[in-house]
Amino acid sequence: MSQQPAPKTAPDEAVREDAITSDGEPEAPHLDFQGTTPYEDYVRASVLTHLQHPLSDDPGEMVFLVTTQVMELWFTVIVHEWHTAAQALREDDLPTALEALRRSTYELESLNASWKPLAHLTPGQFNAYRSALGDGSGFQSAMYRRLEFLLGEKSASMLVPHRGAPREYAELEKALTEPSLYDEVLRFLARRGHAVPAAVLDRDPARRYEPDPGVERVWQEIYSGPREDEPIRLGEALTEVAELVWRWRNDHLVATRRAMGAKTGTGGSAGVAWLEKRATKNVFPELWTARSHV
Ligand code: HEM
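Procedures and definitions
Residues numbered from 1 in each chain as written. Predicted model: local features only at pLDDT ≥ 70, side-chain atom pairs only at ≥ 80, totals over all residues. Heavy atoms only, no water. Helix = DSSP H or I, 4+ residues; strand = E, 2+ residues; numbered from the N terminus. Buried < 20%, exposed > 50% of the residue type's maximum accessible area, 1.4 Å probe, protein only. Contact = heavy atoms within 4.5 Å. Areas by Shrake-Rupley, 256 points an atom, 1.4 Å probe, with all protein chains shown as cover. Lys, Arg positive; Asp, Glu negative; His and termini not counted. Charge placed at Lys NZ, Arg CZ, Asp CG, Glu CD. Near = heavy atom within 4 Å. Polar contact = N/O pair within 3.5 Å; in protein donor to acceptor, adjacent residues only side chain to side chain. Nonpolar A, V, L, I, M, F, W, Y, C, P; charged D, E, K, R; others polar. Donors = N, O, S within 2.8 Å, 3.2 Å for Na, K, Ca; no water. Salt bridge = Lys/Arg side-chain N within 4 Å of Asp/Glu carboxyl O. Core = buried A, V, L, I, M, F, W, Y, C linked by side-chain atoms within 4.5 Å. Axes fitted to C-alpha atoms, helices over the stretch in contact; angles between N-to-C directions. Parallel < 35°, antiparallel > 145°, perpendicular 65-115°, else oblique. Left-handed = near helix turned anticlockwise from the far one by under 90°. Phe/Tyr/Trp six-rings, centres within 6.5 Å; stacked < 30°, edge-to-face > 60°. Lys NZ or Arg CZ within 6 Å of the ring centre and 35° of its normal.

Participant: Can you explain the overall build of the chain? Please cite residues and give values.
Facilitator: Across its full length, the chain carries 13 helices and zero strands. Along the chain, helices and strands appear, N-terminal first, in the series α-α-α-α-α-α-α-α-α-α-α-α-α. Considered along the principal axes of its C-alpha atoms, the chain spans approximately 75 × 50 × 35 Å. By the burial criterion, 37% of the 294 residues in the chain qualify as buried. Here the contacts in the chain between residues at least 6 apart in sequence split such that 69% fall between residues at least 24 apart. Carbon and sulfur atoms make up 55% of the accessible area of the chain, which totals about 16,900 Å². Across the chain, the mean location of the 32 positive side-chain charges is 9 Å away from that of the 45 negative side-chain charges.

Written out as structure tokens, the structure is:
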């Protein structure tokens, strides 16, 4: 973890089995450091734990803010994993892609578990700090938008809220115009000899991915083949991801319904009705529809 040499103990001493003090007690951790601790230098914990600035006096706002920040961090890790997977597929390196996708499913499970503290808010509890949020809404999360773009849910208009933030805008613009994770999956399958339609392979990656009957036939053929085939393992890893994203959307929807009923959202949408429509969208659509034909 440390970039700096440990102050007192050489690394090979750290694995000594006889790390026992003269009193016969196990050696305690080091206490003396020149500057900040190596833990702080790596984790930046003092930055992370001082980024909480509630906008109301309500004691319940802290967990709303921290849960949102925790979810932002999970979005960041998951985007990183899907980038790794997309890059590996581009290089025909399926094991690396599968490993990154598998890691992302554990991370998605942790992300989804983070709903727990917000899943039972009453309208009264939420109202206690809701007005302090002003027009702020998770809809304006740039990292969540990158995550959606990687799934193929592209939309140029989703860049508009970020015009005032050059770094986020540039990252989103790049994510909009480069192929999504699913685009890379389909290109990979085509290179493996599967009949992915040319129109899908040549599609404009900046546009929302639309389900294609030719792609559905590809997954149908793959799933009709031997169960241990590599493409099935890829299909199942993606299905796992799709299901967990769908669960995040639905847990968000239910938490919102409990906390604010059918009121309009702080971001200006119809609220639950708008989220319901979003939650019905299938991630990697043909992976679901192909199942009816196997
Ligand atoms: C119980 C608390 C919450 C309520 C009542 C709530 C409510 C809403 C509503 C009504 C929307 C629709 C847009 C709008 O008009 O604002 C929305 C969107 C969104 N919220 Fe939440 N939210 C909650 C917690 C969270 C948390 C903790 C996150 C984590 C970052 C989050 C992330 C998002 C995202 C990413 C969207 C956009 C979804 C999309 O584009 O499909 N929300 N939320």
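Participant: Account for the site of the ligand, with residues named and values stated.
Facilitator: Residues in contact with the ligand amount to 26 residues; listed here are only the nearest, S137, R145, H252, S269 and R278. A distance of 2.7 Å separates an oxygen atom of the ligand from a polar atom in the side chain of S137. Take H252: an N or O atom from its side chain is 2.9 Å from a nitrogen atom of the ligand. Breaking the shell around the ligand down by element, the ones donating at least two residues are α3 (61-90), α6 (142-151), α11 (230-260) and α12 (272-279). The residue inventory of the shell around the ligand, partitioned by class, reads 13 nonpolar, eleven polar and two charged.

Participant: Can you break down the environment of E230 residue by residue, with the values?
Facilitator: With respect to the helices, strands and loops of the structure, E230 is situated in helix α11. For the pair E230 and L98, spaced 132 residues apart in the sequence, the C-alpha separation amounts to 9.8 Å.

Participant: Report on the coordination of the iron atom of the ligand, specifying residues and quantitative values.
Facilitator: You will see that the iron atom of the ligand has only one donor from the protein, H252 (NE2), lying 2.1 Å away. Within the secondary structure layout, H252 lies in helix α11.

Participant: Before we move on, can you summarise the pattern of salt bridges with the specific residues and values?
Facilitator: Counting across every chain of the model gives 15 salt bridges. In this structure, E171 and R146 form a salt bridge, with 3.2 Å as the shortest nitrogen-oxygen distance. Taken together, the residues span a long stretch of sequence, with E171 in helix α7 (residues 166-177) and R146 in helix α6 at a distance of 25 residues. For E171, a relative accessible area of 32% puts it in the partly exposed group. In this structure, E153 engages R208 in a salt bridge whose closest nitrogen and oxygen atoms are separated by 2.8 Å.

Participant: Any details on the nonpolar core? Residues and values, ideally.
Facilitator: Counting 58 residues, the largest nonpolar core has W82, L181, L189, W219, L234 and F284 as its most contacted members. Mapped onto this core, the elements with two or more residues apiece are α3, α4 (94-113), α5 (123-130), α6, α8 (181-191), α10 (213-224) and α11. Among the elements that line this core, the one with the most residues is α11, at twelve residues. For W219, the residues in contact, after removing those within four places along its chain, are Y182, V185, L186, L189, P231, G235, L238, E286, L287 and A290. Ranked by size, the runner-up nonpolar core spans seven residues in total, among them A142, F149, M158 and L172.

Participant: Describe the packing of α6 against α11, listing the residues and the values that go with them.
Facilitator: Direction vectors running N to C along α6 and α11 enclose 140°, while the axes themselves pass 13 Å from each other. When the interaxial angle is binned, α6 and α11 end up oblique. Between α6 and α11 the crossing geometry is left-handed. Mapping the contact onto sequence places Y144, E148 and L151 in α6 and V241, V245, W248 and R249 in α11.

Participant: Give a detailed account of the packing of aromatic side chains, specifying residues and quantitative values.
Facilitator: For any pair of aromatic rings, geometry is given as the distance between the ring centres together with the angle between the planes. Across all of its chains, the model carries eleven aromatic pairs by this definition. With a centroid separation of 5.0 Å and an interplanar angle of 85°, the aromatic rings of Y182 and Y209 are classed as edge-to-face. Of this pair, Y182 sits in helix α8 while Y209 is found in the loop between α9 (198-201) and α10, placing the two residues 27 residues apart along the sequence. For the pair formed by Y182 and Y209, the shared burial category is buried. Counting every residue linked through ring pairs, the aromatic cluster contains F75, W115, Y144 and W248. The residue whose ring lies beneath R291 is W288, and the NZ or CZ to ring-centre distance is 5.6 Å.

Participant: Could you give an account of the environment of V63, naming the residues involved and the relevant values?
Facilitator: With respect to the secondary-structure elements, V63 resides in helix α3. A residue is classified by how much of its surface remains accessible, and V63, at 34% relative accessible area, is partly exposed. In the structure, V63 is positioned 55 residues away from L118 in sequence and 7.9 Å away in space, judged by C-alpha atoms. Beyond its immediate sequence surroundings of up to four residues, V63 is in contact with P117 and L118.

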